[in-house]
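So you can see what is in the structure, the chains are spelled out below.
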Amino acid sequence: MVKLKELHGFAVQEGIKEDPRSEEQIEKELDRRKEEYEKLEGVKKELYDEGRLENPFDDSKVIYGGDQEVEKIALGIDMEVQELLLIDRLNEKGKDIDGVITHHPEGRAMANLYNVMGIQVDVLSEGGIPVSQAEALVKPRADEVKKSIHPANHPRVPRTAEILDIPLMSLHTVTDNHAYSYIKEHLSEEEPDTLENLIETMLEIPEYRWSLRYGMEPQIHSGKDENRVGEIGVFGFTGGTDLGDEVIEKMVNSGIDTLVAMHATKDQIEKAEEENINIITAGHMPSDSLGINLLLDKVKERFDLEFLAMSGFKRVKRE
Ligand SMILES: [Fe+2]
Ligand SMILES: [Fe+2]
């Protein structure tokens, strides 16, 4: 048994360890928030989310019931109203699920998703894109995302959790950081030479093998089997959501030949074909599952908890 907020705090610390930013950079960001908070007045100060002063991941939040003890947790990629109802139904049948973790954010964690996109400046620069170019790409895109998610029904899922009294949190960038650093290391160790070989290398990872069952396995979305891999950029695994198609142009200018992404947009694929850039789409559910599994292995070492996998999440244990 552990309080949901304590489990959340542990996950955040593990997310920081896997973050492409340095710990100093993250500290600086938290200091900046503290200064910003001090300057606030009235209702804006009163309703400020003080969790932001400790937790740098605005998309990974306790949504409801942080003080409640949890032991048997349902965990999935999208845990929305239908999954919460399913859990209530399962509990009627005696399953005793007392907590829920959703990977994709809900509530305030979704409304503030754009705030984690700054991470992608560091992801792109680790991949070889100059920081000036990375900033020019990420900042306007984050602004676009902010505006596009603003009108959504953000209270819907939090209120459902509250009515059903099911403790709920989201862990998004916290686990995506794990997937990112794992894939980056895996590919630099394996050094695949062709795109076909890169796919085989990805299929050594159990989550991607599982994804074959559903036709959502790693695929070439631009380029041919026999194309040489060249310089790899692992982008779009962490940092909120996709960048626009301009990333392809920046890759051309920075000497990156193959984009390995969790998912790629139609515009990115079209642009890549035009510019002769290779795209490997790793697959969304297996990549999200990989990140969650890496975190869960650490959670299991620390806490005695049981997990029920659902909603696109496949549990795989590592030693
Ligand atoms: Fe994800
Ligand atoms: Fe995702």
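Anyway, here's the lowdown on the structure attached to this text. (Residues numbered from 1 in each chain as written. Chains lettered and ligands numbered in written order. Predicted model: local features only at pLDDT ≥ 70, side-chain atom pairs only at ≥ 80, totals over all residues. Heavy atoms only, no water.)

**A short note on the nonpolar core**
- Judged by nonpolar contacts, the single largest core of 74 residues is most densely connected at Leu7, Leu124, Ile183, Phe235 and Phe237.
- Per element, the largest residue contribution to this core is 7 residues, and it comes from helix H14 (residues 284-302).
- Each of domain 1 (2-173 + 288-310) and domain 2 (179-286) contributes no fewer than three residues to this core.
- Other than its neighbours up to four places away in sequence, Phe235 contacts Val123, Leu124, Gly127, Ile129, Val247, Met251, Ile256, Leu259, Val260, Ala261 and Met262.
- Counting 14 residues, the second-largest nonpolar core is a separate cluster that includes Met79, Leu90, Ile97 and Leu168. (Core = buried A, V, L, I, M, F, W, Y, C linked by side-chain atoms within 4.5 Å. Buried < 20%, exposed > 50% of the residue type's maximum accessible area, 1.4 Å probe, protein only. Helix = DSSP H or I, 4+ residues; strand = E, 2+ residues; numbered from the N terminus. Domains from an automatic or database assignment. Contact = heavy atoms within 4.5 Å.)

**Quick notes on the sheet that holds strand E6 (residues 168-170)**
- Across the sheet, 5 strands lie side by side as E2-E6-E5-E4-E11; this open sheet has mixed pairing. Both outer strands of the open sheet, strand E2 (62-64) and strand E11 (306-310), are each paired with one neighbouring strand and no more. Along the sheet, successive strands turn relative to each other by an average axial angle of 25°, direction set aside.
- Sheet analysis places strand E4 (residues 72-76) next to E11, joined by 5 bridges and oriented parallel. When the bridges of E11 are listed, Ile73 appears paired with Phe307.
- Sheet contacts for helix H1 (residues 4-17): E2, E4, strand E5 (99-102) and E6; angle to E6, the most-contacted strand, approximately 10°. (Pairing = 2+ DSSP bridges. Axes fitted to C-alpha atoms, helices over the stretch in contact; angles between N-to-C directions.)

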